[in-house]
Each structure stands twice: as structure tokens, then as C-alpha cells.
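# Examining the three-dimensional arrangement
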Amino acid sequence: MQQCITMFKTQPFVSEKVWGYERWIVSVHPAGQSLVDDTTPQIGGTPLEAIAGASYPLLIKIIQANETLSVQVHPDDDYARLHEHSAGKTECWYVLDAVPDAKIIYGLQKDYRRSELETAIRDNTIEHCLRSVPVSKGDFIFIPAGTVHAIQGGLRLLEVQQSSDITYRLYDWGRPREVHIQKGLDVLRYLPESALTPEHPFSGKSVCPYFRLEKKDFLTTGTGTISFSAFDTPAAKTGWCSLFIIAGSGTLEITENGILKTAGAPSLQVAAEDCIMVRRDTAVSVLPNQGPPLSIMLMG
């Protein structure tokens, strides 16, 4: 049956946090799996793992940060495999919404010695070492493994990352949660400001060895087509990519005739924050509704 499944909405795993919540809209991770949306014919409620495979390499989230997250860092593949038996965690954020004057922690002020950072964490003066940068709706931020970062309160983000749940907290603003200072300092690396600059606004395409994102906007005056033919990432090579509806509404249709005979839906009504899994080799017609443009993030 799997070969006949071509397009379906996902149903998120919801993770409540002290600072807000996360909706894992594409996940086969053991810590929280997405499902096929309940309304999907024949396969509704099926774990995503059964469709995309247990090793699907991406984890995609909506993050609602009502308060500031911990100052944290993620390991690269080599360190994570050796110490955590996991993939590393390179990630990126697209800002879905932001309060006025919203900011993120994005790297360090300079290349500090390890002992300097240990002292700053112990003395609760680490804030002076962190680089705070303003962000606004529509910005894009790429966070390679090893980058010190924190999401501050008042942000709603689309996060695309490697399928890893390894986070080392360096500092948690006085909250009584576990921190992982030594491991965090092991993997931390300094990158200059020139390498850590948000795209304001997003240029529309980002490519790294782990994932590719493309933002497409479809006006209400006509139809369009979505193709993943340029996607050559580990996720795309599994045969599956995904779409996220940033804004607007409309209809997505499979353009090939007769490709779907046993499960799924050849046509989907979509609206803001819907997530749709699509086979990489499938062309999708886009028919926007009247109103604001239908804005879609392609991910794979």
C-alpha cells in the first residue's frame, strides 16, 4: 500500500514546555511521533514512521515561545554519535510571528576561552558573553551545530532540524532544570558575526548538507505547480518531502492521473499551519483561494 500513498496532512505530537510548547509536525523520533491526519482516507492515525520509515532524517516543529528558552548548544554528528548514539543537530528557524522588538541569542560576542565561559556560567554573568540580535516576522536563521543560541519570549517559529533531540543547556535563567555545562562547552564553537546573520527577510531558499528549504508564494489570480525535483538531500532521497502552509488557503492537487488508488487523497484543502507530506517525485498543482497569497515552505 505504501507505494500508492502520495500526499497527506500530518497530525502533530505536542510537547508542553515551561516556556510554551512545541508541535512536532514531521517526526519519526522515538521521543514523539507525528501521525497521518485522522481525516485521511484509509490511513488516518497511522504513525508517520510506518509511511516515511523509522530513519527519516528530519524533525520539523512549530515552536511557540511565550518565555525565553535556555541558552543552549547542540552537538555535531561526530560528537553525538560517540557520546549520545544519535545524529547531531543542525537546525534553522523561519519566523512565523514576533512581538515588537523580538530578539534571539545568536552566538557569542567573541571567541572566549573555555575557562572564561565556565566562570561566567558559575557567576551568572554569561549574558554579557551572548550576542543578542533582533528578528521579525519573515526572517530566516540558520543554526549550525555548535552555535550557542536561545529563543527569547514572544516568538513563533517554524523549525527544521536533523532528527535529534540532543540539547545541552548551558544556562537556564535561574530555572531549576538540569544543565549540561561540560558537554555544552565540549561542542561549542565560535562563529563570527558575519557567519551568523539572520536573513531579513528570507531570501526564499536555503540549502545545507542536511536539508533544503524553498519558500513559494502563489497569488490568487492563477494556479501554480510545486516540484521537489531540485531536492537532493538525505530526506528527499527517502522519497518524501513536506510542505508547510505559512499563510493563505487553497487547494493542492496531484497532477498525475490514477497515481492514488488505495490510500491518501488526490486533493487537499489547506490553510495556515497545515503540514503536508508529499512524495518527492510528485508534481502538485496549487490553486489559491481568494484573499492573501498562499505562502508555502517546501522542506526536504
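Note that the coordinates shown come from a computational prediction; the quantities given were computed from them, not determined experimentally. Throughout this description, residue numbers start from 1 for each chain and increase along the sequence as written. The model is predicted, so local features are restricted to residues of pLDDT at least 70 and side-chain atom pairs to those at 80 or more, both for listing and for counting; the totals for chains, interfaces and linings are taken over all residues. Computation of side-chain values: all heavy atoms of the structure, hydrogens and water removed.

### Digging into the pattern of salt bridges
Where we set the bar: When a carboxyl oxygen of Asp or Glu lies within 4 Å of a side-chain nitrogen of Lys or Arg, that pair is called a salt bridge. Helix and strand labels come from DSSP, where a helix needs a run of H or I of at least four residues and a strand needs a run of E of at least two; each type is numbered from the N terminus.
Evaluated as defined, the whole model comprises 15 salt bridges. A salt bridge links R156 to E273; its shortest N-O distance comes to 2.8 Å. With R156 in strand β12 (residues 155-162) and E273 in the loop between β19 (267-270) and β20 (275-279), this pair connects stretches of sequence that are 117 residues apart. A cluster of three or more residues bridged by salt bridges with shared partners is formed by E22, K61 and E159.

### Description of the sheet that holds strand β18 (residues 250-254)
Here is the rule we go by: When DSSP finds two or more bridges between a pair of strands, those strands are recorded as paired. Axis definition: a line fit to C-alpha positions, over the contact stretch in the case of helices; interaxial angles, taken between N-to-C directions, run 0 to 180 degrees.
The sheet built from four strands is open, its strands ordered β16-β21-β18-β19 with antiparallel pairing. Strands at the two margins of the open sheet, each flanked by one partner only, are β16 (224-226) and β19. Here the strands of the sheet are splayed against their neighbours by 25 degrees on average, with no regard to which way each runs. As paired strands, β16 and strand β21 (residues 284-288) are joined by three bridges and run antiparallel to one another. Among the inter-strand pairings, I226 is bridged to a residue of β21, identified as V284.

### Some words on the sheet that holds strand β10 (residues 140-143)
Taking strand neighbours across the sheet as the criterion, the six strands line up as β2-β3-β5-β12-β7-β10 in an open arrangement whose pairing is antiparallel. Each of the sheet's edge strands pairs with one partner strand only, and the pair in question is β2 (13-17) and β10. On average, each strand axis in the sheet is inclined to that of its neighbour by 20 degrees, with strand direction left out of account. Bridge count between strand β3 (residues 20-26) and strand β5 (residues 58-65): six bridges; the pairing is antiparallel. The partner of V26 across the bridge, within β5, is I60.

### Overview of the pairing of β18
The criterion, for reference: Residue exposure (1.4 Å probe, protein chains only): buried if accessible area is under 20% of the type maximum, exposed if over 50%, otherwise partly exposed.
Of all five residues in β18, four are buried, a share of seventy percent or more. Of the pairings in the sheet, the one linking β18 to β21 comprises five bridges and is antiparallel in character. Residue I254 lies in a different strand from β21, and its bridge partner there is V284.

### With respect to the packing of aromatic side chains
Inclusion rule: Pairing of aromatic rings covers Phe, Tyr and Trp, the last through its six-membered ring, and needs centres within 6.5 Å; plane angles under 30 degrees mean stacked, over 60 mean edge-to-face, and all others mean tilted. Here, a charge over a ring is recorded when the distance from Lys NZ or Arg CZ to the ring centre is within 6 Å and its angle to the ring normal is within 35 degrees.
One pass over the full model with this rule turns up eight aromatic pairs. Where Y171 meets W173, the ring centres are 5.3 Å apart and the plane angle is 70 degrees; that geometry is what we call edge-to-face. Take Y171: its relative accessible area is 10%, and that puts it in the buried class. Three or more aromatic residues joined by ring pairs make a cluster, and in this case those are Y94, F140 and F202. Above the ring of F231, the side-chain terminus of R212 is found at 5.3 Å from the ring centroid.

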